[in-house]
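Report on the structure
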Amino acid sequence: MPIGRRNKVKGVQFTIMVVGASGTGRTTFVNTLCDSNLLPHKVCDSPETAHQEEGIRIRPVDVELDEDGIRIALTIVDTPGFGDNINNEASFQEIMSYLERQYDDILAEQSRIRRNPRFKDNRVHALLYFIPPTGHALREMDIELMRRLSPRVNVIPAIGKADTLTPRELKAFKQRIMEDIDHYDIPIYNFPYDPEEDDEETIQDNMELRALLPFAVVGSEEEVDIDGEPVRARVYPWGLVEVDNPRHSDFVRLRGAILGSHLGDLKALTEDVLYETYRTEKLSKSINESQESEFHPEDLANQSVIIKEEQLRKEQERIREYEVRAQHEISLMKQQLSAKEEALRTLEARTFSQPGSPY
Ligand SMILES: Nc1nc2c(ncn2[C@@H]2O[C@H](COP(=O)(O)OP(=O)(O)OP(=O)(O)O)[C@@H](O)[C@H]2O)c(=O)[nH]1
Ligand SMILES: [Mg+2]
């Protein structure tokens, strides 16, 4: 491998799943988020086949983004077809088993003696749930989906096509949705903070983001020219809805949170809390099952050895991850430093070459 490649910063890996009823604007949102035509739009069914129920199809797609000099290897998992069927149980199951399969894969990888260097961690760090802009309240299906998936993934609720509601309707709709989420005790990702531990700025930022929940999303793959500047917007006969204008939608705040300020927190929660809970549940379940089948005292001793080994492995894994992260951060800082030095050199060169420069 050439030295240059070996030293290259790998970037941060992040996975987002988008779930929601058909036509809530998921594809448009993903393409707006990545500023590209990453996902194709659904070809509308012909009248002969429109009534046929199609199962859910889960498709991960990889894309690389550059966020202020930091490379994000982003995986988007779209789930077309959710909520299209009369009975959505199969869709729930399929999404759930996709999430758990990624946990099982990492569990298997972590217990291998020799690690597979090509192994890709596909755990989903955030699930954006698109609520249709009905202006009413959550539907039973929305509640059920968020309630069931929240223990396995960071669920972030969003209202799709939010520009179809007036500001007053949107405010009331958001309020009703949050009341439902509180009432049903759905553990969505609510930008947690610790008033004792966190600094003032973090607390303020998290409070603001929490107050925006569920995010009002507007997407557009079109650009219009405003005063010579290309602006991403939806064009209506009565005016423009600008995607990146915080007065028009919460898109910028949502994007900034998931791909910037809260990326690390979402990853840490997935890996240290959600995955750990799954792992513990799975491990204790398999112990219980083997105990139920036949009891041998030596099994108990073996199990405690297995648990100890597992704990040790986990500790080693944590240290390794910490080292990788620290290495990564150092590389990023070096990159930023050399970019700043470069900018300074350019500035100096420009200053010295000015005709009126005193130098
Ligand atoms: N008003 C409005 N319309 C939107 C918005 N985003 C997308 N649309 C439109 O809504 C329709 C469906 O958008 P898609 O992005 O294809 O929705 P989807 O959720 O991916 O739909 P399926 O893949 O068919 O399940 C298209 O006509 C989009 O142009 C939005 O923010 N506001
Ligand atoms: Mg789509």
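As recorded by an unreviewed UniProt entry, the chain carries the name Septin and is attributed to Macrolepiota fuliginosa MF-IS2. The UniProt entry for the chain carries the following comment under Sequence similarities (unreviewed entry): "Belongs to the TRAFAC class TrmE-Era-EngA-EngB-Septin-like GTPase superfamily. Septin GTPase family."

1. Observations concerning the overall build of the chain
For the chain, the helix and strand inventory stands at nine helices and nine strands. In the chain, which comprises 359 residues, the share counted as buried stands at 38%. For the chain, the proportion of contacts with a sequence separation of at least 24, taken over those separated by at least 6, is 70%. Entry remark: accessible area of the chain is about 21700 Å², with carbon and sulfur atoms responsible for 53%.

2. So, the pairing of strand E4 (residues 126–131)
Counting buried positions along E4 yields six of six residues, so the element is predominantly enclosed. Along E4, one buried face is formed by Ala126, Leu128 and Phe130 and the opposite face, lined by Leu127, Tyr129 and Ile131, is buried too. Two elements, strand E1 (residues 12–20) and E4, share five bridges in a ladder whose sense is parallel. Each residue of the ladder has a partner; that of Ile16, found in E4, is Ala126. Relative to strand E5 (residues 155–159), E4 runs parallel, the two being bridged by five bridges. Residue pairing in the sheet places Tyr129 in a bridge with Pro157 of E5.

3. Notes on the side chain of Gln13
The residue Gln13 is located in strand E1 in this model. In terms of polar contacts, Gln13 uses its side chain to reach the side chain of Thr15, at 3.1 Å. The residues touching Gln13, leaving out its near neighbours within four places in the chain, are Ala73, Thr75, Lys120, Asp121, His125 and Lys267.

4. Points about the site of ligand 1
Neighbouring ligand 1 are 17 residues; Gly23, Thr27, Thr28, Asp163 and Gly219 lie closest to it. Thr27 is positioned such that a nitrogen or oxygen atom in its side chain is 2.7 Å from an oxygen atom of ligand 1. Within the complex, 79% of the 650 Å² of free accessible area of ligand 1 lies under protein. Where the shell around ligand 1 is concerned, the elements lending two or more residues are helix H2 (26–34) and strand E8 (229–236). Element by element, the count of residues in the shell around ligand 1 is highest for H2, at three residues. Classifying every residue of the shell around ligand 1 gives three nonpolar, nine polar and five charged.

5. Some details on the packing of H2 against helix H7 (residues 251–261)
H7 packs onto H2 with a crossing angle of 70° between their chain directions and a minimal axis gap of 11 Å. Judged on the interaxial angle alone, H7 and H2 are roughly perpendicular. With respect to the hand of their crossing, H2 and H7 are arranged in right-handed fashion. On H7, the residues that touch Phe29, Thr32 and Leu33 of H2 are Phe251, Leu254, Arg255, Ile258 and Leu259. For the contact of H2 with H7, the per-class residue count stands at six nonpolar, one polar and one charged.

6. Some remarks on the confidence of the model for the chain
Chain-level pLDDT for the chain is 86 on average; 82% of the residues reach the 70-or-more range. Low pLDDT (under 50) marks residues 1–8, which in the prediction has two contacts with non-local residues, meaning those over four places away or in another chain.

7. Here's the deal with the nonpolar core
Formed by 66 residues in total, the largest nonpolar core has its most connected members in Phe29, Leu74 and Ile156. Apart from residues no more than four positions distant in its own chain, Phe29 is found in contact with Val18, Leu128, Phe130, Val217, Phe251 and Leu254. Of all hydrophobic cores here, the second largest spans six residues; its members include Tyr103, Ile106, Leu107 and Leu274.

8. Notes on the sheet that holds strand E7 (residues 223–226)
With antiparallel pairing, three strands are arranged side by side in an open sheet as E7-E8-E9. Of all the strands in the sheet, just E7 and strand E9 (239–242) have a single pairing partner and so form its edges. Averaged over neighbouring strand pairs, the angle between their axes works out to 65° when direction is ignored.

9. So, the sheet that holds E5
If you trace the six strands from one edge of the open sheet to the other, you get E2-E3-E1-E4-E5-E6, paired in mixed fashion. At either margin of the open sheet sits one strand with a lone partner, and together these are strand E2 (59–67) and strand E6 (215–216). Pairing analysis gives two bridges linking E5 to E6, with the strands arranged parallel. Note on E6: the bridge partner recorded for Ile159 is Ala216. Strands in contact with helix H3 (residues 89–110) are E1, E2, strand E3 (70–78) and E4; relative to E1, the strand with the most contacts, it is inclined by about 170°.

Calculation criteria
- Each chain has its residues counted from 1, running along the sequence as written.
- For naming, the first written chain is A and the first written ligand is 1, with later ones following in the order written.
- Only residues with pLDDT of at least 70 are given local features in this predicted model, and only at 80 or more are side-chain atom pairs given and counted; all residues enter the totals for whole chains, interfaces and linings.
- As a rule here, side-chain values come from all non-hydrogen atoms in the structure, and water together with hydrogens is ignored.
- UniProt positions are given in the numbering used here, feature names are shortened, and annotations may be inferred rather than shown by experiment.
- Put simply, DSSP H or I for four residues or longer makes a helix, DSSP E for two residues or longer makes a strand, and each gets a number counted from the N terminus.
- For the exposure calls, accessible area comes from a 1.4 Å probe over protein chains only, and a residue counts as buried if that area is under 20% of its type's maximum, exposed if over 50%, partly exposed in between.
- By the convention used here, residues are in contact when the closest approach between their heavy atoms is within 4.5 Å.
- Only the protein chains shown count as cover for residues, and the accessible areas themselves come from Shrake-Rupley with a 1.4 Å probe.
- Two strands pair under a simple rule: DSSP has to find at least two bridges between them.
- The definition of a polar contact used here is a pair of N or O atoms within 3.5 Å, where within protein one atom must be able to donate a hydrogen and the other to accept one, and adjacent residues in sequence count solely through side-chain atom pairs.
- The criterion for a residue being near a molecule or strand is simple. One of its heavy atoms has to lie within 4 Å of it.
- For this classification, Asp, Glu, Lys and Arg are treated as charged, while Ala, Val, Leu, Ile, Met, Phe, Trp, Tyr, Cys and Pro are nonpolar and the rest, including Gly, are polar.
- Axis angles are defined between N-to-C directions and span 0 to 180 degrees, where every axis is a line fitted to C-alpha atoms and, for a helix, only to the segment in contact.
- Roughly parallel means an angle under 35 degrees; roughly antiparallel means over 145; roughly perpendicular covers 65 to 115; every other angle is labelled oblique.
- With the far helix as reference, a near helix turned anticlockwise by less than a right angle produces a left-handed crossing, and one turned clockwise produces a right-handed crossing.
- Scored from 0 to 100, pLDDT reflects the predictor's confidence in each residue.
- Side-chain atoms within 4.5 Å link the members of a nonpolar core, which is a set of buried Ala, Val, Leu, Ile, Met, Phe, Trp, Tyr and Cys residues.

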